[in-house]
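Here is what each chain is made of, one letter per residue.
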Amino acid sequence: MDSSHFLWQTGWYCNGQWHDCDQQYEVNNPANGQLLAKVARCGTQETETAITAAAQAFDLWRKKTAKERGAVLRRWYELMMEHQDALAELMVLEQGKPLAEAKGEVAYAASFLEWFAEEAKRSYGDTIPSPTTENRLWVIKQPVGVVAAITPWNFPIAMLTRKVGPAIAAGCTAVVKASSETPLCANALAVLAEQAGLPAGVLNLVSGDTAAISDALMSSSQVRKLSFTGSTNVGKLLMGKAADTVKKLSLELGGNAPFIVFDDADLDAAVVGAMASKFRNTGQTCVCVNRFFVQDGIYDAFVQKLAQAASALKVADGLTDGAEQGPLINQGALEKVEQHVSDALAKGGKLICGGERHSLGGTFYQPTVIAEANEDMLLAHEETFGPVAACFRFHDEAEVIKRANDTPFGLAAYFYTQDLNRVFRVSEALESGMVGVNAGIISNEVAPFGGVKESGLGREGSRIGLDEFLETKYVNLGQV
Ligand code: NAD
C-alpha cells in the first residue's frame, strides 16, 4: 500500500477531524528498517482535547438505541472486510507478520464489531422480587462513560476492535492510544469508522508521547474506564495510576503459556497445534506457548517432529509469496530472544534447530527448538516473545500440573491427550483464564478471552466482554 491510499493517515483523529502536530515521530518497516511514515506526535494537550470531544459525544451517543449503534458497527465490520486486503498489506508493512496471517487478523478483528453490533441489543437488566410490598426493584445496565483504550503492536487491528467494538456498542465513547510501533493500522480503522457513519467524537485516536498521553488519560476524572492490553509491568503501573480516580479496569497482560503433551496424545496433531501456537506472529502473541512440557515416552519423537516442522518454515518479508514467519518487531525484541537462547544453552539446553539470527539480517531470527529445558533458565519464567520452542521433560500428571502452574502468569494453557478423564482433571487444575485441549488456536469473538493471576483482569469478546463497559444501576421505587 502506498501513501496515496485513502486508508493511509498520518495525523491524529479527534472529533471527526484529522489534525497535524508540530512534532512527528517515525514509523519503520520492521522487515527492512525503512521509514514508512512520519506520524503526528501527540502529547498532553491533544489528549485533553480528545477527552473533551469524547465526553461531549458521550451525551449524544449514549442516547442512541442499541439497534442504531449496532447498525454503525455492522457497517464498520462490512467496510473492514471489503478492505481486508489493503488493511492486511498495511499491517505487514508496519508490523511484519506474513500477509496470510495479517488477513486472518483483519477478519478476526472485524468479527468483534459484528458480534458486539448484535450483542448490545441483549444488555438485559433485571427485575427483583422485593422484600416489601410497597417497593418495586429493578436493575438497568448503562454505559460507563469515556473509555481510554491503550493497545499493543502485536495485534494492531484486533486489539483495537476488541476494545472499542464493545465500548461503542455499549454506548461509551473512546480515546485510543495505539502503540507507537503501529499507529497507521489504528488510523486506517478510524477512516473506515467515519465512513461507516460513526458520529464525531465517539472514537478519537492519539499516539506519540506515551508518558504524556497516558498521564493525561489516567489523571482525567472524565475517563471512567481503562482497557489496556500490553505487558504486565506497564499494566501494573497503570493499575496504580487508575487508583486516583478509581477507574474501572480491564487488563490483558502477558502470559507464560504451558503446552503439555501427554504420552497418549496424537503426536502429529500435537505438532500441528504446537506450530500454530508457538510460531504464529513470529512467536509474538500473548497466548503463544512459552514452555512445552513433554512426557518421557513421547519426548524424543515430539522434539524431532517439532524441529522438522520449524526448520521447514519459510522465513521471509511478510509480503513474499508463501511467507510463514516474518521479522521480530524491533532490535530490542531480537536481543531478548538472543539472550534467552544463550542463557538456555549455557544452562544445559540442547539446540535442536535454529539458534541464530537469520541470514536475511535485520530482526529476522531462525525458528528455534531447544530440548532439555529446565526451570533455571530465563525462558521458563519470562515471555520470550520470539520463535523459540523450549521443551521440558516430565514424568507424571501431578508433577506437570505443579510445574505448569509455577508462574505468576495465567493467560492461556494447552494440553494434548486422548484420555477423556484427563481432559476434565487437567482443564480444571490449570491456573489460566483459557485452556486449549487438543487445540493450539483458541481465540474467537464468541468466547471470553483473558487471564488470571498477573495476566490480567476482566474478559474481552463473548457476552461478558460487553459487561466490561457497562455499569449496573439498581432502582428502588417506593409508592408513587
Ligand atoms: P507494552 O506494555 O510495552 O505496550 C502496550 C501499550 O502500552 C503500547 O501502546 C505502549 O505505547 C503503552 N505503554 C508502554 N509503556 C507505557 C507506560 N509507561 N505508560 C502507559 N502506556 C505505556 O507492550 P507491547 O510490547 O506493545 O505488547 C506486548 C505485550 O503485550 C506482551 O507482554 C504481550 O503478552 C501483551 N499482550 C497481551 C494480550 C492479552 O490479551 N493478554 C494481547 C496482546 C499482547
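Basis of the calculations
Here the residue index of a chain counts from 1 through its sequence in written order. Local features in this predicted model are restricted to residues whose pLDDT is 70 or higher, and side-chain atom pairs enter the listing and the counts only when it is 80 or higher, whereas totals over whole chains, interfaces and linings include all residues. When DSSP finds two or more bridges between a pair of strands, those strands are recorded as paired. Numbering goes from the N terminus for both helices and strands, where a helix is a DSSP run of H or I of at least four residues and a strand is a run of E of at least two. The angle between two axes is taken between their N-to-C directions and runs from 0 to 180 degrees, where each axis is a line fitted to C-alpha atoms and a helix contributes only its stretch in contact. UniProt positions are given in the numbering used here, feature names are shortened, and annotations may be inferred rather than shown by experiment. Any pair of residues counts as being in contact when their C-beta atoms, constructed from backbone geometry, are within 7 Å of one another. A set of buried residues drawn from Ala, Val, Leu, Ile, Met, Phe, Trp, Tyr and Cys, joined through C-beta atoms within 7 Å, is what defines a nonpolar core. Residues with at least 20 neighbouring C-beta atoms inside 10 Å of their own are called buried, those with 12 or fewer are called exposed, and the rest are partly exposed, where every C-beta is derived from the backbone. Contact assignment follows one rule, namely that a residue is near a molecule or strand if its backbone-placed C-beta atom lies within 6 Å of it. Just so you know the grouping, Ala, Val, Leu, Ile, Met, Phe, Trp, Tyr, Cys and Pro go in nonpolar, Asp, Glu, Lys and Arg go in charged, and all remaining residues, Gly too, go in polar. What a helix should span is 1.5 Å times the count of its residues minus one.

Caption draft 1: The sheet that holds strand S22 (residues 470-477), seen in detail. Reading across from one edge, S5-S6-S22 is the order of the three strands in this open sheet, with antiparallel pairing throughout. The open sheet has two edge strands with one neighbour each: strand S5 (126-128) and S22. Put simply, the sheet's adjacent strands are angled 25 degrees from each other on average, direction ignored. Where S5 and strand S6 (residues 136-143) come together, three bridges link them in antiparallel fashion. Bridge pairing in S6 links threonine 127 to tryptophan 138.

Caption draft 2: Inspection of the UniProt feature "active site" (unreviewed entry) in the protein chain at higher detail. Annotation from UniProt places "active site" (unreviewed entry) at Glu252. Looking at the secondary structure, you find glutamate 252 in strand S11 (residues 248-252). Apart from the residues within four sequence positions on either side, glutamate 252 is in contact with Phe228, Thr229, Gly450, Gly456 and Glu460.

Caption draft 3: Quick peek at the nonpolar core. Membership of the largest hydrophobic core comes to 84 residues, with the highest contact counts inside it found for Trp76, Met80, Ile157, Ala174, Val175 and Val176. When residues in this core are grouped by element, the largest group, ten residues, is from helix H4 (residues 99-119). Setting aside residues no more than four positions away along its own chain, tryptophan 76 makes contact with Leu113, Leu192, Ala193, Ala196 and Leu198. Val287, Leu328, Ala390 and Met434 belong to the second largest nonpolar core, which has 65 residues in total.

Caption draft 4: How the structure looks around the site of the ligand. Around the ligand, the surrounding shell holds 27 residues, and the nearest of these are Pro152, Gly230, Glu252, Gly254 and Cys286. Among the elements of the structure, helix H7 (210-219) and helix H8 (232-242) are those that each provide at least two residues to the shell around the ligand. Tallying contributions element by element places H8 first for the shell around the ligand, with three residues. Residue classes in the shell around the ligand are distributed as eleven nonpolar, 13 polar and three charged.

Caption draft 5: Here's a closer look at helix H2 (residues 66-82). A rise of 1.5 Å per residue sets the reference length of H2, with its 17 residues, at 24 Å; its end C-alpha atoms lie 24 Å apart and thus fit the reference within 8%. By the burial criterion, the buried members of H2 are Arg69, Gly70, Val72, Leu73, Trp76, Tyr77, Leu79 and Met80. Tucked into the core, H2 has its buried residues touching helix H3 (84-95), H4, helix H5 (158-170) and helix H6 (183-195).

Caption draft 6: Spatial organisation of the UniProt feature "domain: Aldehyde dehydrogenase" (unreviewed entry) in the protein chain. Per the UniProt record, "domain: Aldehyde dehydrogenase" (unreviewed entry) is found at residues 21-475. Along residues 21-475, the helical share is 40% and the strand share 22%, with 46 Å between the first and last C-alpha atoms.

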